[in-house]
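Commentary on secondary and tertiary structure
In case you want the letters, here they are:
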Amino acid sequence: AYYQFILLLRLGSLMRNRIAEATVAATLLLLSGCSGPFSTLDPAGPAAESILALTWTMIIVGLAVLIGVTLLWLYAMRRKTRKISEDEAQRIQNRWILSGGIALPTIAIALLLAFGIPIGHSMLPLPLKQGQPLHINVKAHQWYWQFSYPDNDIQLVDEIHIPVNTPVDFHITSEDVIHSFWLPRLGGKVDAIPGRTNVLRIEVAQTGEYRGHCAEFCGRDHAFMQFKVIAHTDKEFEEWLQQQEGSENND
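What comes next concerns the included structure.

Here is what the cut-offs are and how they apply
- Residues numbered from 1 in each chain as written.
- Predicted model: local features only at pLDDT ≥ 70, side-chain atom pairs only at ≥ 80, totals over all residues.
- Heavy atoms only, no water.
- Helix = DSSP H or I, 4+ residues; strand = E, 2+ residues; numbered from the N terminus.
- Buried < 20%, exposed > 50% of the residue type's maximum accessible area, 1.4 Å probe, protein only.
- Contact = heavy atoms within 4.5 Å.
- Areas by Shrake-Rupley, 256 points an atom, 1.4 Å probe, with all protein chains shown as cover.
- Pairing = 2+ DSSP bridges.
- Salt bridge = Lys/Arg side-chain N within 4 Å of Asp/Glu carboxyl O.
- Core = buried A, V, L, I, M, F, W, Y, C linked by side-chain atoms within 4.5 Å.
- Expected span 1.5 Å × (residues − 1).
- Polar contact = N/O pair within 3.5 Å; in protein donor to acceptor, adjacent residues only side chain to side chain.
- Axes fitted to C-alpha atoms, helices over the stretch in contact; angles between N-to-C directions.
- Parallel < 35°, antiparallel > 145°, perpendicular 65-115°, else oblique.
- Bend = angle between axes of the 7 residues up to and from the residue.

Here we look at the overall build of the protein
- Tallying secondary structure elements over the protein gives four helices and ten strands in all.
- Each helix (α) and strand (β) of the protein, taken in turn from the N terminus, gives the series α-α-α-β-β-β-β-β-β-β-β-β-β-α.
- Across the 251 residues in the protein, those meeting the buried criterion constitute 28%.
- Once local pairs closer than 6 in sequence are excluded, the contacts in the protein between residues at least 24 apart make up 66%.
- Split by element, the accessible area of the protein, about 16700 Å² in all, is 61% carbon and sulfur.

As structure tokens, then:
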């Protein structure tokens, strides 16, 4: 019996160590998703920052509702029962329905709308007070992205060049099946639908290279349907446009 007891202790210790190791590994794995080219938690533009703010708002409101409902459930389970009249029971029931069934979800939804509507409105491709946004056409194919600059007669595949601090309107459609155009660090995602054009406006705040990919399963090579965005300063972007137009003329 003594040796069996020692064996059980060692097995228990080994299991605890394995659980601790698995917990640490899972935590590190989750934290690794907080950065990188496809992380929505590392925004590089105003649209992505707005989406992140709305996400945290929804998480906080959701947690507050969850905690509130849990506390009410614990209170209901632990409180002492007492005999009450039928009229008093009806009044208590009405209070719970009004507070938990009407007031609580109404307040939660109102808070989300108060944050969500202005954020969503700010990301719409509305007319600008000054100037015009850069226009880029996007056509999705199985399994690559075709980009064109209608004002400059430039065609690119799986690569976009844009200037910083300039609104860019992507006019997105598809040649074959439904795809989804997504730039995690720069903005939301929009479906690319055959026969229809959706417009997504983004703006990048700093120079660099950003990654995008298809977020709608579209067939065999869906996982490889990626593209990159290279953000330049205004001067560098003008030089790039001139270089591309020069190469087109030479061809």
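Digging into the pairing of strand 6 (residues 179–182)
- Taken together, the four bridges between strand 6 and strand 7 (residues 189–192) define a ladder with antiparallel strand orientation. In the sheet register, tryptophan 182 faces strand 7, and the bridge partner there is lysine 189.
- The turn joining strand 6 and strand 7, which pair antiparallel and follow one another in sequence, is formed by six residues.
- Here strand 6 pairs with strand 9 (residues 208–214) via two bridges, running antiparallel. Note that in strand 9 the partner of phenylalanine 181 across the bridge is cysteine 214.

Overview of the pairing of strand 9
- The sheet contact formed by strand 9 and strand 10 (residues 226–232) spans six bridges and is antiparallel. Bridge pairing links glycine 208 to alanine 231 in strand 10.

Quick look at the pattern of salt bridges
- Under the criterion given, the structure shown has five salt bridges.
- Ionic pairing is found between glutamate 159 and lysine 228, a salt bridge with its closest N-O pair at 3.8 Å. With glutamate 159 in strand 4 (residues 159–163) and lysine 228 in strand 10, the pair connects residues that are 69 residues apart, well separated along the chain.
- Under the relative-accessibility criterion, lysine 228 is labelled partly exposed at 27%.
- A salt bridge links aspartate 221 to arginine 220; the shortest N-O distance between them is 3.2 Å.

Quick notes on the nonpolar core
- By size, the foremost hydrophobic cluster in this structure holds 34 residues, and its most contacted members are Ile136, Ile160 and Phe181.
- Counting residues per element, this core draws most heavily on strand 1 (residues 134–141), which supplies four residues.
- Residue contacts for isoleucine 136: discarding those within four places in its chain leaves Phe147, Ser148, Tyr149, Ile160, His161, Ile162, Val168, Asp169, Phe170 and His171.

Re helix 2 (residues 46–78)
- With 33 residues, helix 2 ought to run about 48 Å at 1.5 Å a step, and its terminal C-alpha atoms sit 48 Å apart, in line with that.
- Those residues of helix 2 that fall on the buried side of the exposure criterion are Ala47, Ala48, Ser50, Leu52, Thr57 and Val61.
- For helix 2, the elements touching its buried residues are helix 3 (86–122) and strand 8 (198–202).

A few points about the side chain of threonine 173
- Tracing the backbone through its elements, the reader meets threonine 173 in strand 5 (residues 168–174).
- There is a polar contact of 2.9 Å between the side chain of threonine 173 and the backbone oxygen of arginine 196.
- Apart from residues no more than four positions distant in its own chain, threonine 173 is found in contact with Val138, Lys139, Ala140, Ala192, Ile193, Gly195, Arg196 and Thr197.

Observations regarding the packing of helix 2 against helix 3
- At their nearest, the axes of helix 2 and helix 3 sit 9 Å apart, and the two run at 170° to each other. In terms of axis orientation, helix 2 runs roughly antiparallel to helix 3. In this structure, helix 2 contributes Ser50, Ile51, Leu54, Thr57, Met58, Val61, Val65, Val69, Leu72 and Tyr75 to the contact, and helix 3 contributes Trp96, Leu104, Ala108, Leu112, Phe115, Gly116, Ile119 and Ser122.

Here we look at helix 3
- End to end, helix 3 covers 53 Å across 37 residues, agreeing with the expected 54 Å (1.5 Å per residue, within 8%).
- The largest bend in helix 3 comes to about 30°, at alanine 103, with the proline proline 105 one to four residues further on.
- Within the span of helix 3, buried status applies to Ile92, Ala108, Gly116 and Ile119.
- Residues of helix 3 that are buried make contact with helix 2.

A closer look at the sheet that holds strand 2 (residues 144–149)
- A sheet is described by the order of its strands in space; here five strands give the open sequence 3-2-1-5-8, paired in mixed fashion. Whereas interior strands pair on both sides, the edge strands pair on one side only; in this sheet they are strand 3 (154–157) and strand 8. The mean inter-strand angle of the sheet, taken between neighbouring strand axes irrespective of direction, is 25°.

Structural measurements only, silent on function.
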